[in-house]
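# Residue-level structure breakdown
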Amino acid sequence: MHWTALSPKSKEKRRKWLNSPVYQKPRPNKAGAFFVHRFYIMRPSIFFLAGLLALLSCGRARPTNPSAQGLSRAVFDTLYLLPATDTDTATMAYLQRHLADSFQIPVILLPTQPLPAFAWYAPRKRYWADSLLKWMRPIAQNGRCRWLLVTGSDISTTRKDHFNWGVMGLAYRPGRVATVSDYRLQEHKRPTGAVRAALLKVALHELGHTVGNDHCQQPHCLMQDADGRDKTAQLSGFCNACRKRLFRP
Ligand SMILES: [Zn+2]
Ligand SMILES: [Zn+2]
């Protein structure tokens, strides 16, 4: 595919992409970078289908659990969980159930997807979380829904002075997409149940960013900055201010 065949709008998209900080990060080789360009235009069909599904079902969503009626619902209507092929089904079922309970909205589990090769950072054997978010953007067409990519692989971003800083999650603030990883939560041979509970808290934190919440100084608030450590055991819920942006009155 040649760039000369692109419409002016696509050319503008390409220009933005080439100038974006994510693109300029080191790539394993030239071929890998080319793949990024091609991928940006030739989206996989599963993503097209997922986007279509999302468009059709957003806005008509209602709580699936009758006992949820009367409780506060999230400001977004539907949450889509996108599991990478390195996740396990029990963890995804746990997240689906508990996120639906927390937000009082339908949480829909999408088919598993392999993570895109262009997001791989070989020197440290992990994925750029920024690239994963960009990868998901084409499916996130509806502003009333959110998409959460879950992976068991290590993910990273560049933060302040830290190049390729390992993280447990990343999201756009505000935005429609977020990603979480339980790779760093597995350390110290933690029991599976504790890992899942911690992953749920990370997911709640990242989804909190998608509605515009910044990091919060309140003790025990889920929007606290992890600062490179796993603080999830100390966090119990959202403080009033953070809650206000996430839930309907
Ligand atoms: Zn955060
Ligand atoms: Zn807070």
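Residues numbered from 1 in each chain as written. Chains lettered and ligands numbered in written order. Predicted model: local features only at pLDDT ≥ 70, side-chain atom pairs only at ≥ 80, totals over all residues.

## Concerning the confidence of the model for the chain
Averaged over the chain, the pLDDT score is 81; the fraction of residues at 70 or greater is 71%. Predicted confidence is poor over residues 21-45, with pLDDT under 50, and the contacts of this stretch with residues over four places away or in other chains come to 24 contacts. The low-confidence segment residues 59-70, where pLDDT is below 50, has 15 contacts with residues more than four positions distant or belonging to other chains. (pLDDT = per-residue confidence, 0-100. Contact = placed C-beta atoms within 7 Å.)

## Remarks on the sheet that holds strand S2 (residues 107-109)
An order of S2-S1-S5-S9-S8 is seen for the five strands of this open sheet, with the pairing classed as mixed. Each of the sheet's edge strands pairs with one partner strand only, and the pair in question is S2 and strand S8 (169-171). Taken pair by pair, the neighbouring strands of this sheet meet at an average axis angle of 20 degrees, ignoring direction. In the packing of helix H5 (residues 89-103) onto the sheet, the strands contacted are strand S1 (78-83), S2 and strand S5 (145-151), and the crossing angle to S1 comes to about 165 degrees. Lying on the sheet, helix H6 (residues 129-136) is in contact with S1, S5, S8 and strand S9 (177-181); it crosses S9 at an angle near 135 degrees. (Pairing = 2+ DSSP bridges. Helix = DSSP H or I, 4+ residues; strand = E, 2+ residues; numbered from the N terminus. Axes fitted to C-alpha atoms, helices over the stretch in contact; angles between N-to-C directions.)

## What about the pairing of strand S6 (residues 155-159)?
Consecutive residues of a regular strand have side chains that alternate between opposite faces of the sheet. Where strand S4 (residues 126-128) and S6 come together, two bridges link them in parallel fashion. For Trp-128, the partnering residue across the bridge sits in S6 and is Ser-156. The hairpin turn running from S6 into strand S7 (residues 162-167), its antiparallel successor, is two residues long, and Lys-160 in that turn takes a positive phi close to 45 degrees.

## Comments concerning the nonpolar core
The biggest cluster of nonpolar side chains holds 49 residues, and the ones touching the most others in it are Leu-79, Leu-81, Leu-132, Met-136, Trp-147, Leu-148 and Ala-203. Top contributing element to this core by residue count: helix H7 (residues 192-210), with seven residues. Leaving out residues up to four positions away in the same chain, Leu-132 has contacts with Leu-115, Ala-119, Tyr-127, Leu-149, Ile-155 and Thr-179. (Core = buried A, V, L, I, M, F, W, Y, C linked by C-beta atoms within 7 Å. Buried ≥ 20, exposed ≤ 12 C-beta atoms within 10 Å, placed from the backbone.)

## Focus: the sheet that holds S6
With mixed pairing, four strands are arranged side by side in an open sheet as S3-S4-S6-S7. Each end of this open sheet is capped by a strand with a single partner; those strands are strand S3 (120-121) and S7. Pairing of S6 with S7 involves four bridges; the strand directions are antiparallel. Paired with Ser-156 across the two strands is Gly-166, which belongs to S7. Sitting on the sheet, H6 touches S4, S6 and S7, and the angle it makes with S4 is about 55 degrees.

## So, the pairing of S5
Burial analysis of S5 places seven of its seven residues in the buried class, which makes it a mostly covered element. Both S1 and S5 contribute to a ladder of six bridges, which runs parallel. Paired with Leu-82 across the bridge in S5 is Leu-149. Alignment of S5 against S9, held across five bridges, turns out to be parallel. Bridge pairing links Leu-148 to Ala-178 in S9.

## Let's talk about the packing of H5 against H7
Interaxial distance between H5 and H7 falls to 10 Å at its minimum, and their mutual angle equals 50 degrees. Classified by the angle their axes make, H5 and H7 are oblique. Two packed elements cross with a definite hand, and for H5 against H7 that hand is right-handed. Residues Thr-91, Tyr-94, Leu-95, His-98, Leu-99 and Ser-102 of H5 form the contact with H7, whose participating residues are Arg-196, Leu-199, Leu-200, Ala-203 and Leu-204. Looking at the contact of H5 with H7, its residues break down into seven nonpolar, three polar and one charged. (Parallel < 35°, antiparallel > 145°, perpendicular 65-115°, else oblique. Left-handed = near helix turned anticlockwise from the far one by under 90°. Nonpolar A, V, L, I, M, F, W, Y, C, P; charged D, E, K, R; others polar.)

## Notes on unusual backbone geometry
Cis geometry marks the peptide bond from Arg-173 to Pro-174; its omega dihedral reads -10 degrees. Mapped onto the fold, Pro-174 is located in the loop between S8 and S9. Non-glycine residue Lys-160 carries a positive phi angle of around 45 degrees. Among the structural elements, Lys-160 can be located in the loop between S6 and S7. Under the C-beta neighbour-count criterion, Lys-160 is labelled exposed, with 6 such atoms within 10 Å. Within the chain, Asn-164 stands out as a residue other than glycine whose phi angle is a positive 50 degrees. Topologically, Asn-164 is positioned in strand S7.

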